[in-house]
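# Structure assessment
Spelled out, the chains give:
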Amino acid sequence: MQDLPDQLANGLALGALYGLIAIGYTMVYGIVQLINFAHGEIFMIGGFGALTSHLWLPAGTGMAVALPLMILLGVVCAVLVAIGAERFAYRPLRGGPRLSPLITAIGLSLALQQAVWAFYPEAKKARPFPQLGGGDLDLGFVALSREDLFIFVSAPVCMLALGLFVAKTRTGRAMQATSQDPDTAKLMGVNTDRIIVMAFAIGAAFAAVAAIAQGFKTGEVNFRMGFIAGLKAFTAAVLGGIGNIYGAMVGGLVLGVGEAMATAYIGDIPGLEQFGGGSWKDVWAFILLILVLLVRPQGILGERLADRA
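Residues numbered from 1 in each chain as written. Predicted model: local features only at pLDDT ≥ 70, side-chain atom pairs only at ≥ 80, totals over all residues. Heavy atoms only, no water.

## Digging into the overall build of the protein
Stated formally: Here a strand is any run of E in DSSP of at least two residues, a helix any run of H or I of at least four, and the numbering for each starts at the N terminus. Two things to know: the radius of gyration comes from C-alpha atoms, and the globule rule equals 2.2 Å times the number of residues to the power 0.38. Between buried and exposed lies partly exposed: a residue is buried under 20% and exposed over 50% of the maximum accessible area for its type, with that area taken using a 1.4 Å probe on protein chains only. When checking whether two residues touch, look at their non-hydrogen atoms; a contact exists if any pair is within 4.5 Å. Per-residue and other accessible areas follow the Shrake-Rupley method at a 1.4 Å probe size, with only the shown protein chains counted as cover for residues. Only four residue types enter the tally: Lys and Arg on the positive side, Asp and Glu on the negative side, with His and both chain ends excluded. By convention, charge coordinates are those of NZ in Lys, CZ in Arg, CG in Asp, or CD in Glu.
If you tally the helices and strands in the protein, you get twelve helices and four strands. On C-alpha atoms alone, the protein measures out to a radius of gyration of 19 Å, which is about the 19 Å that the 2.2 N^0.38 rule sets for 309 residues. Dimensions of the protein, computed from the C-alpha atoms along their principal axes, are close to 60 × 55 × 35 Å. Counting only residues that meet the buried cut, the protein has 49% of its 309 residues in that class. Sequence separation of 24 or more characterises 76% of the internal contacts of the protein that already satisfy a separation of 6 or more. Carbon and sulfur atoms provide 67% of the accessible area of the protein, an area that totals close to 14,200 Å². The average position of the 20 basic charges and that of the 19 acidic charges among the side chains of the protein differ by 13 Å.

## Digging into the UniProt feature "transmembrane region" (unreviewed entry) in the protein
Rules: UniProt positions are given in the numbering used here, feature names are shortened, and annotations may be inferred rather than shown by experiment.
Under the feature "transmembrane region" (unreviewed entry), the UniProt entry names residues 12-35, 42-59, 65-90, 102-120, 149-167, 195-216, 246-266 and 278-295. Between the end C-alpha atoms of residues 12-35 there is a gap of 25 Å, over a span that is 88% helix and 0% strand. Annotated as 95% helix and 0% strand, the span residues 246-266 places its first and last C-alpha atoms 29 Å apart.

## Details of empty space enclosed by the protein
To keep it simple, the criterion reads: For each structure, a 1 Å grid was placed over the protein atoms alone; sets of points admitting a 1.4 Å probe that cannot get out are labelled cavities, open sets with protein on both sides within 12 Å along at least five of seven lines are labelled pockets, and lining residues have an atom within 4 Å of a point. Grid points are joined across faces, edges and corners, and a volume is the space filled by probe spheres set on the points. Ten residue types, Ala, Val, Leu, Ile, Met, Phe, Trp, Tyr, Cys and Pro, are classed as nonpolar, four, Asp, Glu, Lys and Arg, as charged, and the remainder, Gly among them, as polar.
In this structure the tally under the stated criterion is one cavity of 30 Å³ or more. Gly 24, Val 28, Asn 36, His 39, Ile 42, Ala 82, Ala 199, Phe 200 and Gly 203 together form the lining of the largest cavity. Those elements that place two or more of their residues in the lining of the largest cavity are helix H1 (4-32), helix H2 (39-56) and helix H8 (192-218). The element best represented in the lining of the largest cavity is H8, accounting for three residues. Tallied by class, the residues present in the lining of the largest cavity amount to five nonpolar, four polar and no charged.

## Structural notes on the pattern of salt bridges
Selection rule: Take a side-chain nitrogen of Lys or Arg and a carboxyl oxygen of Asp or Glu: if they are within 4 Å of each other, that pair is a salt bridge.
A complete count under the given rule lists eight salt bridges for this structure. Here Asp 193 makes a salt bridge to Arg 94, at a shortest N to O gap of 2.5 Å. Separated by 99 residues along the polypeptide, Asp 193 in helix H8 and Arg 94 in the loop between helix H3 (63-90) and helix H4 (99-119) bring together distant segments of the chain. Residue classification places Arg 94 among the partly exposed residues on the basis of a relative accessible area of 35%. One salt bridge connects Glu 259 with Lys 281, and the closest N-O pair in it is separated by 3.9 Å. Of this pair, Glu 259 sits in helix H10 (residues 245-265) while Lys 281 sits in helix H11 (residues 281-295), and the two are 22 residues apart along the sequence. For Glu 259, a relative accessible area of 3% translates into the label buried. In the salt-bridge network here, residues are joined through shared partners; they are Glu 86, Arg 91, Arg 94 and Asp 193.

## Let's talk about the packing of H2 against helix H9 (residues 225-240)
Operational definition: Axis lines are fitted to C-alpha atoms, over the contacting stretch for helices. Their N-to-C directions set the angle, which ranges from 0 to 180 degrees. To sort the angles, those under 35 degrees are grouped as roughly parallel, those over 145 as roughly antiparallel, those from 65 to 115 as roughly perpendicular, and the leftovers as oblique. Here a crossing is taken to be left-handed if its near helix is turned anticlockwise relative to the far helix by less than a right angle, and right-handed if that turn runs clockwise.
H9 packs onto H2 with a crossing angle of 125 degrees between their chain directions and a minimal axis gap of 7 Å. The orientation of H2 relative to H9 falls into the category oblique. As H2 packs across H9, the resulting crossing turns out to be right-handed. Each of Gly 40, Glu 41, Phe 43 and Met 44 in H2 lies in contact with H9, whose residues at this interface are Met 225, Gly 226, Phe 227, Ala 229 and Gly 230. Looking at side-chain class alone, the contact of H2 with H9 contains five nonpolar, three polar and one charged residues.

Structure representation (structure tokens):
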């Protein structure tokens, strides 16, 4: 039990990362009822964009200068790819059979992954990611690494900014209207195409921040990093209530803490020794999802963007 604060901190950091990615899934689904399975690869591209920014900087550039530029280029790369995907892959299929965009999303995911593998220099192996440096921050009851601290700062800032944007701005209110009834919103003068592009762009920007956080935490980026992270984030979105922006973060936190606790303590239960450790963490994450959905099928906070914005 003396390790419990550290495990909780690890779980919350992991959950905040999942939540940042999950917001992209839930915003797009809440507005156009589309599961964008290419979102994991947009997350991955954000990580490679941030790495590219760091590689372009002169050797010895301090992280105080490098970090804002890494975030900027990572976000720009992710947003451009997301906007391109919406315009050329998803928009032509809007209004068609619902299976068509889903198949397109899976194909786009594979295409983006292979494009990075083929064209990014030395992407066939994991690329080292710059580190923040410095020691852990000792809070007395728990020691936080600089990498976890980055997640704990960036996730609430992003979530607060998104909440204010959706609740207080005209575009945010248009998002709520489009989520609730896109046809009526269009009749009221809302440019629904612009709103959908904004949803893709905001989700991609948050995914890029999450990719930088994961790069700091693991010390590397690779062309496969979006698959598992995207799958876990989608799980978090469903867990919190797909289409609910606050549910995405809540679902991510629940999933991250549950995964950390299961990894640390399941193996200590008599008879379950073989089910502990990191090799089973993905299994326990999906078991948690199933248990929650059996009790509350709509997710923890419900399903609609407009209900909670």
